[in-house]
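Here is what each chain is made of, one letter per residue.
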Amino acid sequence: FPFDLTREMAEEEGLSVDEAGFRALMEEQRSRARAARGNISGWSDTSRSALENVQKTDFVGYDRESCEARVIAIVSENDLVDAVSEGECSLVLDTTVSYGEGGGQVGDCGKLFSDGLDAKVTDTKKTDGVYIHTAEILSGAVKVGDTVSAGVCATRRAQIKRNHSSVHLLQAALRKVLGDHVEQAGSFQDSERTRFDFSHFSAMTPEELKKVEDMVNAKIAEAVPVVTEVMTVDEAKKTGAMALFGEKYGETVRVVKMGDFSTELCGGTHVANTGAIMAFKIVSESGV
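Summarised in this report is the structure supplied together with it. Nothing here was measured: the structure is a model prediction, and the numbers come from that model.

## Remarks on the pairing of strand 2 (residues 66-76)
Next up, step 1: Most of strand 2 sits out of view: eight of its eleven residues are buried.
Next up, step 2: The sheet contact formed by strand 2 and strand 11 (residues 147-152) spans five bridges and is antiparallel. Looking at the pairing, R70 lines up with T147 of strand 11.
Next up, step 3: Where strand 2 and strand 5 (residues 87-93) come together, four bridges link them in antiparallel fashion. If you follow A73 over to strand 5, its bridge partner there is V92.
Next up, step 4: Across three bridges, the pairing between strand 2 and strand 3 (residues 79-81) is antiparallel. If you follow V75 over to strand 3, its bridge partner there is L80.
Next up, step 5: Taking the residues between adjacent antiparallel strands as the criterion, strand 2 and strand 3 are bridged by two residues, where E77 takes a positive phi near 50°.

Here it is, written out as structure tokens:
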């Protein structure tokens with residue numbers, strides 16, 4: 001990055017030039033990632049432009065695993081259609097319990113069914129508040145305007161929640177062991193594992209890794225309640241909540257608090273109590 005730009009950022013935010021340069025590089029990478037996410041598989045330019053006229057999906061999946069929903073758009077073979085009776089398609093619902101991929105957390109899988117439909121949801125993505133369900137029609141048919149029952153795979157959802165909540169504890173522990181300069185530079189959570197990318201000036205020592213791991217497991221053993229609140233950005237700042245550098249937030253944000261150990265802005269799904277995580281193990285650490 002140009003030195004003048006890096007120096008200007010450093011002066012504005014009270015950072016060293018090295019830290020500012022790293023932040024600038026991370027923001028460039030996030031911009032590329034956001035652009036890539038905007039290219040939703042299975043949607044042509046015509047069908048993507050139609051999203052501008054589709055109402056935003058009401059996500060009700062934080063405390064529910066099933067709901068009734070109305071089908072408001074269908075895409076099959078890259079085109080908007082009124083109905084589909086076989087193969088794979090993309091469905092937009094007015095309400096959903098399926099989390100749309102975002103913030104490092106993968107999208108939910110599940111089922112859609114009614115008297116005339118049995119479909120498997122293999123992935124869920126979102127763009128500008130519209131949730132898109134990749135579905136495989138197992139039997140029957142679905143058309144725009146149909147009412148369906150939607151549900152998520154509860155076992156997989158529970159595993160993802162444990163992994164996502166563990167990474168909040170991990171970030172807090174890393175900041176306590178390595179210093180407050182540690183910031184999330186990317187992450188990934190599925191039902192198998194979590195990966196956390198962060199900024200630091202050297203490889204972690206075995207002693208540091210063990211200290212972080214022990215600290216996270218201690219908070220799991222304490223069974224700390226996980227409390228979520230929706231508030232304004234200004235209110236969230238007063239709580240000291242960690243935010244992702246360069247991320248754009250709306251007028252209201254969701255704050256996830258784990259006792260006095262971790263407070264972060266996060267739209268993902270989480271356990272109700274850290275005890276549900278059960279155990280935490282760092283299996284590898286590497287530099288890029």
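Right, picking up where we left off after that structure.
## Points about the layout of surface pockets
Next up, step 1: Computed from the structure, the second largest pocket encloses a volume of approximately 1,100 Å³.
Next up, step 2: Along the walls of the second largest pocket sit 36 residues, with R195, F196, D197, F198 and S284 positioned nearest its centre.
Next up, step 3: Secondary-structure elements contributing two or more residues to the lining of the second largest pocket are helix 2 (17-38), helix 4 (154-178) and strand 13 (194-198).
Next up, step 4: Here the lining of the second largest pocket takes six residues from helix 4, the largest share from any one element.
Next up, step 5: Residue composition of the lining of the second largest pocket, by class: 17 nonpolar, twelve polar and seven charged.

## Some details on helix 5 (residues 206-221)
Next up, step 1: Between its first and last C-alpha atoms helix 5 spans 22 Å; for 16 residues at 1.5 Å apiece the expected length is 22 Å, and the two agree.
Next up, step 2: Within the sequence span of helix 5, burial applies to V212, E213, V216, K219 and I220. In a view along the axis of helix 5, the buried residues occupy a sector of 125°, so they form one face of it. Of the exposed residues in helix 5, the ones pointing more than 90 degrees away from its buried face are P206, E207, K210, K211 and A221.
Next up, step 3: Looking at the buried residues of helix 5, the elements they touch are helix 4.
Next up, step 4: Following helix 5 by one or two positions, A223 has its phi on the positive side, about 55°.

## A closer look at the pattern of salt bridges
Next up, step 1: All told, the structure shown has eleven salt bridges when counted by the stated rule.
Next up, step 2: In this structure, K143 engages D146 in a salt bridge whose closest nitrogen and oxygen atoms are separated by 3.0 Å.
Next up, step 3: By relative accessible area, which is 17% here, D146 ends up buried.
Next up, step 4: As a salt-bridge pair, D214 and K210 come within 2.7 Å of each other at their nearest N and O atoms.

## A look at the packing of helix 4 against helix 5
Next up, step 1: Here helix 4 crosses helix 5 at 135°, and the two axes come no closer than 9 Å. Considering their axes alone, helix 4 and helix 5 lie oblique with respect to each other. The way helix 4 lies across helix 5 gives a crossing that is right-handed. Along its contact with helix 4, which presents L169, L170, A173, L174, K176, V177 and L178, the element helix 5 presents E208, K211, V212, M215, V216, K219 and I220.

## Describing the environment of A185
Next up, step 1: By the secondary structure assignment, A185 is in strand 12 (residues 184-189).
Next up, step 2: When its relative accessible area of 14% is taken as the criterion, A185 is described as buried.

## With respect to the nonpolar core
Next up, step 1: Ranked by internal contacts, the top residues of the largest apolar core, which has 22 residues, are L169, L170, L174, L178, V212, V216 and I220.
Next up, step 2: Elements with a minimum of two residues in this core: helix 4, helix 5 and strand 15 (252-258).
Next up, step 3: With 20 residues, the next largest nonpolar core counts V71, I74, L117 and A135 among its residues.

So, how was this worked out
Residues numbered from 1 in each chain as written. Predicted model: local features only at pLDDT ≥ 70, side-chain atom pairs only at ≥ 80, totals over all residues. Heavy atoms only, no water. Buried < 20%, exposed > 50% of the residue type's maximum accessible area, 1.4 Å probe, protein only. Helix = DSSP H or I, 4+ residues; strand = E, 2+ residues; numbered from the N terminus. Pairing = 2+ DSSP bridges. 1 Å grid on protein atoms, 1.4 Å probe; cavity = no way out; pocket = protein on both sides within 12 Å on 5 of 7 lines; lining within 4 Å. Points joined across faces, edges and corners; volume = space filled by probe spheres on them. Nonpolar A, V, L, I, M, F, W, Y, C, P; charged D, E, K, R; others polar. Expected span 1.5 Å × (residues − 1). Arc of directions from axis to C-beta. Contact = heavy atoms within 4.5 Å. Salt bridge = Lys/Arg side-chain N within 4 Å of Asp/Glu carboxyl O. Axes fitted to C-alpha atoms, helices over the stretch in contact; angles between N-to-C directions. Parallel < 35°, antiparallel > 145°, perpendicular 65-115°, else oblique. Left-handed = near helix turned anticlockwise from the far one by under 90°. Core = buried A, V, L, I, M, F, W, Y, C linked by side-chain atoms within 4.5 Å.

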